[in-house]
Amino acid sequence: AAATYMRGVRWLGAPSTLLAMVDASVGGKTAGDFGPAKNCVGAFWQPSGVVCDVHLLSTEPERGYVSALSEVIKTALIGDAGLLDLVEQERRGILGRDPQLLVEMLRRCVAVKAGVVSRDPRERGERAHLNLGHTLGHAMEAFAGYGQLTHGEAISLGLVAALRFGTRLGHTPSELTVRIEQLLKQLGLPVDLEAHRLPEASSLLGHDKKRAGDQVRFVFARDVGNVFTEHVALDALHSHAQTL
């Protein structure tokens, strides 16, 4: 609304959920779903400021809070090995919503995303890395029907799929794929692609906003802090999705 009203007015963000604090509040990308197409109508409109109060997270329902941890893991994979270590070592405290741990986790997440966005505000290059796990995750989220999977649950599944796909193509070490899958499971996030019907959901890949003709820009991980994009044919991705 702020991006559209009078062709743009100032706005301040006051996120009250973990997902908003670690991801959506940073970067000024605003969008809505359009039928089966996730986030395909929107704008870039940076906030004048964002205020995050971790004490608000004590009121967030468990499912929403836990599901947002998938975006934390994604952020760590993109650019902060220390953040990944923190979640692994302090998993119980983070699940218990310890304020001091949350401040450190949030600080690291914001630093990674803010750095990427400042270097590439309109997603012409590096910012695409933030879509790690989102191509197949969005497909499963849409296929299930919005509201059946939370966004974070879908991204957990999408991360598993992206890492397995990367391993199959020789981009991602199998040790990293196993490490992340185990951590997601320990956090209480879904990792079973078959149960969430990835083969059928992959039929929606053509709606992905990152599609270019018969290809989609897919994000792979070589290691923690080492991710890259590569164009993959939609037919090939759909074919691989049948057996991930």
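Notes on the structure follow. Remember, it's a predicted structure, so these values are computed and weren't measured experimentally.

### Some points on unusual backbone geometry
Phi angles above zero are rare outside glycine, and Arg-7 is one such case at about 60°. Among the secondary structure elements, Arg-7 is positioned in the segment before β1 (12–13). Even without a glycine there, the phi angle at Glu-123 is positive, about 55°. Counting through the fold element by element, Glu-123 comes out in the loop between α5 (99–119) and α6 (134–144).

### Considering the pairing of strand β6 (residues 215–223)
Bridge count for β6 against strand β7 (residues 226–233) is eight bridges, and the pairing is antiparallel. Across the sheet, residue Val-219 finds its bridge partner in β7, namely Thr-229. In this structure, the hairpin formed by β6 and β7 is closed by a connection of two residues, where Gly-225 is found at a positive phi of approximately 85°.

### Digging into the environment of Thr-4
By the element assignment, Thr-4 lies in the segment before β1. Considering only alpha carbons, one finds Thr-4 and Gly-42, 38 residues apart in sequence, at a separation of 9.4 Å.

### So, the packing of aromatic side chains
Applying the stated criterion across every chain yields a total of four aromatic pairs. For the ring pair Phe-165 and Phe-220, a centre distance of 5.5 Å and an interplane angle of 45° mean the geometry is tilted. Of this pair, Phe-165 sits in helix α7 (residues 151–169) while Phe-220 sits in strand β6, and the two are 55 residues apart along the sequence. Under the relative-accessibility criterion, Phe-165 is labelled buried at 1%. The exposure class of Phe-220 is buried, given its relative accessible area of 0%. Judged by centre distance (4.9 Å) and plane angle (50°), the ring pair of Phe-218 and Phe-220 falls under tilted. Classification of Phe-218 as buried rests on a relative accessible area of 2%. Between Arg-97 and the ring centre of Tyr-65, over which it is positioned, the NZ or CZ distance is 4.3 Å. Positioned above the aromatic ring of Phe-228, the side-chain terminus of Arg-222 is 3.9 Å from the ring centre.

How each quantity is defined
Residues numbered from 1 in each chain as written. Predicted model: local features only at pLDDT ≥ 70, side-chain atom pairs only at ≥ 80, totals over all residues. Heavy atoms only, no water. Helix = DSSP H or I, 4+ residues; strand = E, 2+ residues; numbered from the N terminus. Pairing = 2+ DSSP bridges. Phe/Tyr/Trp six-rings, centres within 6.5 Å; stacked < 30°, edge-to-face > 60°. Buried < 20%, exposed > 50% of the residue type's maximum accessible area, 1.4 Å probe, protein only. Lys NZ or Arg CZ within 6 Å of the ring centre and 35° of its normal.

Geometric descriptors of this kind do not, in isolation, establish any biological role.
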